[in-house]
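Coordinates in review
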Amino acid sequence: MEKIVQFGPQGRLVGVLTGASLPDSAPVLVLPSAGLLPRAGPFRLHVELARRLAVRGIRTFRFESPGVGEAPRLPRFGSREATLAALDHLASEYGCRQFAIGGLCSAADASWRAAIDDRRVCAVVMLDGMSFVGPWFHVGRLANVLRRPARDWPGVVRRLWLRLRSRSQAGSVPQDMGDYRDWPDRGDAQRQFAALLARGVYSLWVYTGGYGDRFLHPRQFAWSFGAAVQDARVAMHYWPDCDHTFYGRAHRDRLLATVEQWLPGAFSGAVEAKGVRP
Amino acid sequence: MGEALTWPVHKGAIGISEPHWLGDSTRYLYAVLHRAAVPGARLGVLLVPPLFHEQPRSRRLLAEVAAGLAAAGLPSMRFDFFGTADSAGSSDQLDFDSMCLDLEIAAKALQAESGVAAVAVLVWRGAALPVARWVRDGAAPALVVLWEPVFDGAQWLQELEREDAMERCSPDRYGVARPLADAAGDQQLMGVAVSQRLRGDIAGTRLVDADSMGGRRCWAVLRPGSLRPALALERVFELPADAPTFGGSTRMDSGLFVTAQLKRVADGLGHALREER
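First things first, this report covers the structure right here in the doc. Everything numeric here is computed off the predicted structure, so don't read it as measured data.

Re the pattern of salt bridges
- Under the defined criterion, the tally for this structure stands at 40 salt bridges over all chains.
- The salt bridge partner of A:E64 is B:R59, with a shortest N-O separation of 3.6 Å. Of the two residues, A:E64 is situated in the loop between β4 (59-63) and α2 (79-94) and B:R59 in helix α2 (residues 59-71); the pairing between them involves two chains.
- Residue A:E64 is classed as buried on the basis of its relative accessible area, which comes to 1%.
- Given a relative accessible area of 5%, B:R59 falls into the buried group.
- Between B:E64 and B:R60 there is a salt bridge; the shortest N-O distance is 3.6 Å. In this pair, B:E64 and B:R60 are both assigned in helix α2, four residues apart and thus about one turn of the helix distant.
- Judged by relative accessible area, which is 26%, B:E64 ranks as partly exposed.
- Salt bridges sharing common partners tie together A:E2, A:R39, A:R51, A:R62, A:E64, A:E70, B:R59, B:R78, B:D80 and B:D86.

What to know about the interface of chain A and chain B
- With 49 residues of chain A in contact, the opposing surface of chain B contributes 47 residues.
- The contact between chain A and chain B buries some 3600 Å² in all, and 55% of this surface belongs to carbon and sulfur atoms.
- When the area that chain A buries against chain B is broken down by residue, the three leading residues are A:M1, A:I4 and A:Y247, summing to 21%.
- Counting across the chain A and chain B interface gives five salt bridges.

Notes on a nonpolar patch on the surface
- A grouping of A:L142, A:L146 and A:W153 is seen on the molecular surface, where their side chains present a nonpolar patch of about 320 Å² in accessible area.
- Following the sequence through the fold, A:L142 ends up in helix α4 (residues 135-147).

A word on the packing of aromatic side chains
- Under the definition given, this model contains 25 aromatic pairs over all chains.
- Seen in terms of ring centroids, A:F132 and A:F225 are 6.2 Å apart; in terms of plane orientation they differ by 75°. Their pairing is edge-to-face. Highlighted residues: A:F132 in the loop between β6 (121-127) and α4 and A:F225 in helix α7 (residues 220-225), separated in sequence by 93 residues.
- Residue class for A:F225 comes out buried when judged on its relative accessible area of 2%.
- Their ring planes at 20° and their centres at 5.8 Å tell us that B:F52 and B:W156 sit as a pair that is stacked.

Concerning the environment of B:A118
Residue and element names in this part refer to chain B.
- Here A118 is to be found in strand β5 (residues 118-124).
- For A118, a relative accessible area of 11% puts it in the buried group.
- Taking the C-alpha atoms as reference, A118 lies 19 Å from A67; in sequence the two are 51 residues apart.

Brief notes about the sheet that holds strand β6 (residues 143-147) of chain B
All names here are of chain B.
- Strands sit in the order β1-β2-β4-β3-β5-β6-β9-β10 across an open sheet of eight strands; the sheet is mixed. The two strands at the open ends of the sheet, each matched to only one other strand, are β1 (17-24) and β10 (233-238). Ignoring which end each strand starts from, the neighbouring axes of this sheet average 20° apart.
- Pairing of β5 with β6 involves five bridges; the strand directions are parallel. Following the sheet pairing, L122 is matched in β6 by V145.

Topic: helix α3 (residues 96-114) of chain B
All names here are of chain B.
- Compared with an ideal rise of 1.5 Å per residue, which puts 19 residues at 27 Å, α3 spans 27 Å between its outermost C-alpha atoms and is within 8% of the ideal.
- Looking at α3, one finds that the buried residues are F96, S98, M99, C100, D102, L103, A106, A107, A109 and L110.
- At the N-terminal boundary of α3, the capping side chain belongs to D95, with an oxygen 3.0 Å from the backbone nitrogen of D97.
- Phi turns positive, to about 75°, at G115, one or two residues after α3.

Basis of the calculations
Residues numbered from 1 in each chain as written. Chains lettered and ligands numbered in written order. Predicted model: local features only at pLDDT ≥ 70, side-chain atom pairs only at ≥ 80, totals over all residues. Heavy atoms only, no water. Salt bridge = Lys/Arg side-chain N within 4 Å of Asp/Glu carboxyl O. Helix = DSSP H or I, 4+ residues; strand = E, 2+ residues; numbered from the N terminus. Buried < 20%, exposed > 50% of the residue type's maximum accessible area, 1.4 Å probe, protein only. Contact = heavy atoms within 4.5 Å. Buried area = accessible area lost by both parts, 1.4 Å probe. Patch = residues over 30% accessible without salt bridge, like charges linked within 9 Å, V, L, I, M, F, W, Y side chains within 5 Å. Areas by Shrake-Rupley, 256 points an atom, 1.4 Å probe, with all protein chains shown as cover. Phe/Tyr/Trp six-rings, centres within 6.5 Å; stacked < 30°, edge-to-face > 60°. Pairing = 2+ DSSP bridges. Axes fitted to C-alpha atoms, helices over the stretch in contact; angles between N-to-C directions. Expected span 1.5 Å × (residues − 1). Polar contact = N/O pair within 3.5 Å; in protein donor to acceptor, adjacent residues only side chain to side chain.

None of this, on its own, says anything about what the molecule does.
What follows is the structure in structure tokens.
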């Protein structure tokens, strides 16, 4: 049976620990909430993943960041602080020693920051996480346009013209999705990536077709993070047929199977990198 | 039958709200009790969440309404149906029989833990349909408050199926790449596995007259200009123009919450419930 856990300032944050009856030595995957979605995850993804991992001897802790779902807003205590508080609580109350952290979108951002901040994190799962627009992004965009039937090209040209016109009227470069996410710049991201690898951290990255504002070509991954992505402890998948929140059952099944197969190896240090080689 | 669950002792409640499991160890429901800020309430309020994709979107809305009712002196309880959100089970196990059982468990727990003499149910959207079955089967809440209820299950099911078909091939959702071929056989509806039994339960339920709610007293919270049901409604609370809308989006950034004007309506509802004898 799962366990309700209260943690954080005055115990005001709530999470659910799956696999609570597993021994203290069992590793744990921590899943912060994503965007405004409650801790069950998009279409209950976190719940399903947690129950599958429990069968494999891995605990999972899902929680809502302050201001999301039923979690109260807490002064000077956001998703970063909540994630670190979750790690501390799981360590002190449940004997957790080995952590993976992961999530979708803003939860991926929180997971990355926690991994940087906390040496107890040995793996990260980044779903539509950090990515940097560069030459391969534009190659991907051009390829998508060329793939369209010729009858769509006038609409493409029109939308491009409207976009360029709005830029010139605004007098500035339009805001990038990165402006709404908590990301380092590309140089810092590369240094952080290398530092995590040097510490032995495994990482699983999944980019979806619903992330088209940021990721359109698998070679963006190496361009974003450098040669470190060649390490065997790094796995990257690009699924252009999937949307950002895995609406389709088949897409969720694919994601669940991928994480379920990858994570045990990441905890044991024996994973063989899979996925598209950047 | 699993091990019965007793009221847990937590290290510290969240404000005056307490999360806990209901039911037993094989069939447990996530619930949160919002204890009343002042004593002496005769009535407790059980908040019944909407169904499918509307449930996660409205989690914050229900939490804020429950907290407001508790601040007004009404012990309130939120819960997740079996097979949804943080409760046990899978979504294909959800049907009207399971929901009626959950309503019974939650209502009894609210009375037992808060000591109130009676329970009102505050029911959101499509949950009006299983609640109608629950009261027709003999449940006796003191009052049923319907918040933007779905009146015609068959019509609503058709709307959801149309919406789901659009989502499965939405260019906004899937960008340029073609989504998977239509997978109608996957039992999914708005991203959730919905059994044929539940679809039949929904399609077979309409709220058409006073008998539809088992003769129970009914109030409603409705949007201005919305179709009024033939139910006998003792009171109607009108939603403001900026009230968050249900239905439609499954986007992860489309959560619903209490706006300033909506708070006035919710406070008025709370005051009226507090006055109930």
